[in-house]
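Understanding the architecture of this molecule
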Amino acid sequence: MGQTKRHSPNPRSRGATPAKPHPAAPAHNTHPGHLIHSPPPTPSFRLSLCDLQTLGRAAGFDLTSATPAEPLAEFDHFRAWLERGFHGQMDYLERGAEARSNPQALLPAARTVVVCALNYLTAYPLPNVAEDEEPHGLSAVCGRRMAADGAAAGSESDILSRISRYAWGLDYHGVVRRRLKRLKGLIETRLGRPVQARLCVDTAPLLERALAARAGLGWIGKNNCLIHPRFGSFLFLGELLLDAELECGAPTAERCGRCERCLQACPTGALVAPRCLDARRCIAYQTIESKSGQAPDVRGYLYGCDICQNVCPWNIRAQSRLACNVREFWPLPHLATARREDLDFRDETAFRSFFRRSVIRRIGLARWKANLLA
Ligand code: B12
Ligand code: SF4
Ligand code: SF4
């Protein structure tokens, strides 16, 4: 935990690092303060990074920044990663490979990528919530959570400890997308014109972590995740590709230092090097993406894995300081209180109905059964 002392959180950074001018921006736009003395900007330059962050908060995001819609140097890492076969059976990553090198492949008119993050580090027992507001029985189930190595340690009924935190509540795709839509509307109002835009959450061929890092939302940790000094890494990412040129953020310094806790804690050795994951060995891949029908290498995991995040000092620190108040991410009561036998569904319909509002429904019954019976 030594590095947290040396790298104390940046008190300014509720959003991103201070503004960097958009490369395509005229000289008078290099600092928001200069706008006061400059000739009136064209409508598309009317938004400073600071204003954008305010709009992002109004739309419901914890962090918002922007980066030019330009090619990403990190694409070389991505290509090398594919060439080593680390993506396993995730063919969609191969198919959309070239598109990931440049956001303009998704929206040719794009000038800026607005990158947003939403914290999902829910704390249980719930903080500052009256008992009658708390979903039934959750304290008892969730209070046992957040042991240093999270999953696999729980009892049979402790279902949440066997499911990655990101899947406890409602499917995040919809939650993030709705907020992106709201943000798009707010930006249009501020710019005084409709914008051409594309909303992306997870499934579009974009290198979301690399974009977020370039926009200054955090750094890529050795566990591969984007980490923010205040929020840690339990963050969902979402992007708004826009035809407008906005003021952009600048990358922050990497703050892992000499720590290697995540590499040491990974039970399968999937983190083959800092920032390099062999997905085939990763429990998240084996329980979510793998089509082989094989049981995961390590028993006890029903969906995803959080170990390399749970051991990260930046998350331990975040857990003690803040809690996610996004109600949609609070554990679904019927999931949190389920017993193992409730989850042995007789058919696809029963599986889909149980997980209809959860991201877990995407894996289908066969994958679920293989995880459950492992
Ligand atoms: C495929 C995928 C997976 C795969 C592969 C993960 C992986 N590490 O590659 C699997 C199924 C294993 C997976 C697991 C998880 N995922 Co996932 N996943 C994706 C997806 C769809 C594509 C990621 C991808 O392109 N991977 C290929 C690798 C090479 O790219 P990358 O991880 O982005 O890494 C880049 C940087 O590390 C960069 N880089 C920068 N500097 C340097 C320096 C060096 C030296 C090197 C080598 C590389 C490097 O190079 C890479 C290429 O740009 C994204 C959504 C998206 N469209 O981006 C979500 C996404 C990355 N996943 C996410 C989440 C939440 C998870 C899990 C935490 C879920 C869970 N608990 O089970 C785990 C985390 C596992 C881990 N430690 O990475 C979030 C990440 C949020 C965050 N804070 O970082 C994303 C962004 C989804 C979202 N919209 O919120 N995921
Ligand atoms: S998610 Fe789990 S298996 Fe995958 S790299 Fe992290 S600790 Fe290892
Ligand atoms: S646990 Fe991993 S990601 Fe977290 S600070 Fe240490 S090296 Fe970085």
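You'll find the structure just up there.
Before going into details, it helps to say that this report is about the structure given with it. (Residues numbered from 1 in each chain as written. Chains lettered and ligands numbered in written order. Predicted model: local features only at pLDDT ≥ 70, side-chain atom pairs only at ≥ 80, totals over all residues.)

**Things to note about the pairing of strand β2 (residues 63–68)**
The buried count for β2 comes to 6 of 6 residues, which makes it a mostly enclosed element. Burial along β2 is two-sided: the face carrying L63, S65 and T67 and the face carrying T64, A66 and P68 are both buried. Looking at chain direction, β2 and strand β3 (residues 112–119) are connected through 6 bridges and run antiparallel. Following the sheet pairing, A66 is matched in β3 by V114. (Buried ≥ 20, exposed ≤ 12 C-beta atoms within 10 Å, placed from the backbone. Helix = DSSP H or I, 4+ residues; strand = E, 2+ residues; numbered from the N terminus. Pairing = 2+ DSSP bridges.)

**Re the site of ligand 3**
Within the structure, ligand 3 sits among G221, K222, N223, C256, C259, E260, R261, C262, V311, C312, P313 and W314. Secondary structure elements with two or more residues in the shell around ligand 3: α8 (261–265) and α11 (313–321). Residue composition of the shell around ligand 3, by class: 7 nonpolar, 2 polar and 3 charged. Here the shell around ligand 3 spans two domains, and each of domain 1 (3–120 + 171–249) and domain 2 (137–169 + 258–373) adds at least three residues to it. (Near = placed C-beta within 6 Å. Nonpolar A, V, L, I, M, F, W, Y, C, P; charged D, E, K, R; others polar. Domains from an automatic or database assignment.)

**Quick notes on the sheet that holds β3**
Read across the sheet, 4 strands follow the order β2-β3-β7-β4 without closing on themselves; strand pairing throughout is antiparallel. Looking at strand neighbours, the two that pair on one side only are β2 and β4 (197–200), the edges of this open sheet. In this sheet, neighbouring strand axes are inclined to one another by 20° on average, regardless of whether the strands run parallel or antiparallel. Bridge count between β3 and strand β7 (residues 235–242): 8 bridges; the pairing is antiparallel. Bridge pairing in β7 places V114 opposite L240. Against the sheet, helix α2 (residues 49–59) makes contact with β2 and β3, and its axis sits at roughly 135° relative to β2, the strand it touches most. (Axes fitted to C-alpha atoms, helices over the stretch in contact; angles between N-to-C directions. Contact = placed C-beta atoms within 7 Å.)

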